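# Coordinate inspection notes
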Amino acid sequence: RVFRVAAVDQAVIQAALILDWNDFEDAVQATAAAVSEAAYLITRNEADFAGGPIPVVHPANFPNL
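Numbers given to residues run from 1 along each chain, matching the order in which its sequence is written. Two thresholds apply to this predicted model, a pLDDT of at least 70 for residue-level local features and 80 or more for giving and counting side-chain atom pairs, whereas whole-chain, interface and lining totals are computed over all residues. The side-chain numbers reported here are obtained from all heavy atoms of the structure, hydrogens and water having been left aside.

## With respect to the overall build of the protein chain
Stated formally: The numbering of helices and of strands both runs from the N terminus, where a helix is a DSSP run of H or I of at least 4 residues and a strand a run of E of at least 2. Two things to know: the radius of gyration comes from C-alpha atoms, and the globule rule equals 2.2 Å times the number of residues to the power 0.38. A 1.4 Å probe rolled over the protein chains alone gives each residue an accessible area, and that area as a share of the maximum for its type sets the label: buried under 20%, exposed over 50%, partly exposed in between. Only heavy atoms matter for contacts: two residues are in contact if any of them lie within 4.5 Å across the pair. Computed with a 1.4 Å probe, the accessible areas rest on the Shrake-Rupley method; for each residue, only the protein chains presented here act as cover.
Summing up its helical and strand segments, the protein chain has two helices and two strands in all. Reading the protein chain from its N end, one meets helices and strands in the order α-α-β-β. Relative to the globule expectation of 11 Å for 65 residues, the C-alpha radius of gyration of the protein chain, 12 Å, shows essentially globular dimensions. Its C-alpha atoms give the protein chain principal-axis dimensions of about 35 × 25 × 15 Å. Counting across all 65 residues of the protein chain, residues that qualify as buried make up 23%. Across the protein chain, every contact between residues at least 6 apart in sequence was considered, and the portion connecting residues at least 24 apart equals 19%. Taken as a whole, the protein chain presents about 4700 Å² of accessible surface, with 52% of it coming from carbon and sulfur.

Written out as structure tokens, the structure is:
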């Protein structure tokens with residue numbers, strides 16, 4: 001499996017602000033993942049990313065995809 005580090009630049013920050021989420025850092029992570037065309041955002045905190053721009057997967061479920 002290959003993982004990449006998603007860039008956080010001005011465009012990502014501006015897009016995260018548009019999401020208007022309570023947790024700005026979560027919004028930045030979700031936006032950076034979407035901009036980098038990630039297939040999934042893998043996190044144990046699925047609830048905070050619900051309704052985000054890409055599918056959210058719990059780490060325990062990731063190998064089963």
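Structure's up, so let's keep going.
## Let's talk about the packing of aromatic side chains
The line we're drawing: Any pair of Phe, Tyr and Trp rings, taking the six-membered ring for Trp, is counted once the centres come within 6.5 Å. Such a pair is stacked with planes under 30 degrees apart, edge-to-face with planes over 60 apart, and tilted for the rest.
Applying the stated rule across the entire model yields two aromatic pairs. Look at Tyr40 and Phe62: their rings are 6.4 Å apart centre to centre, the planes differ by 75 degrees, and that puts the pair in the edge-to-face class. Pair noted here: Tyr40 is in the loop between helix H2 (24-35) and strand S1 (41-42) and Phe62 is in the segment after strand S2 (56-57), with a separation of 22 residues, a long-range link. Residue classification places Tyr40 among the partly exposed positions, given a relative accessible area of 35%. By relative accessible area, which is 17% here, Phe62 ends up buried.

## Observations concerning the environment of Ala15
One can find Ala15 in helix H1 (residues 10-19). The sequence separation of Ala15 and Val35 amounts to 20 residues, and the corresponding C-alpha distance is 9.4 Å.

## Let's talk about unusual backbone geometry
The phi angle at Asp20 is positive, at roughly 55 degrees, despite the residue not being glycine. As for its position among the elements, Asp20 is in the loop between H1 and H2. Residue classification places Asp20 among the exposed positions, given a relative accessible area of 65%. In the Ramachandran plot, Glu37 falls in the positive-phi region, its phi being about 60 degrees despite a non-glycine side chain.

## Examining the side chain of Asp26
Put simply, the rule reads: Charged-residue counts in this description rest on Lys and Arg as positive and Asp and Glu as negative, His and the chain ends being excluded. A side-chain nitrogen of Lys or Arg and a carboxyl oxygen of Asp or Glu constitute a salt bridge if their distance falls within 4 Å.
Relative to the helices and strands, Asp26 resides in helix H2. No salt bridge is formed by the buried Asp26, whose closest oppositely charged neighbour, Arg44, lies at an N-O distance of 12 Å. Residues in contact with Asp26, not counting those within four places in the same chain, are Trp21, Asp48 and Phe49.

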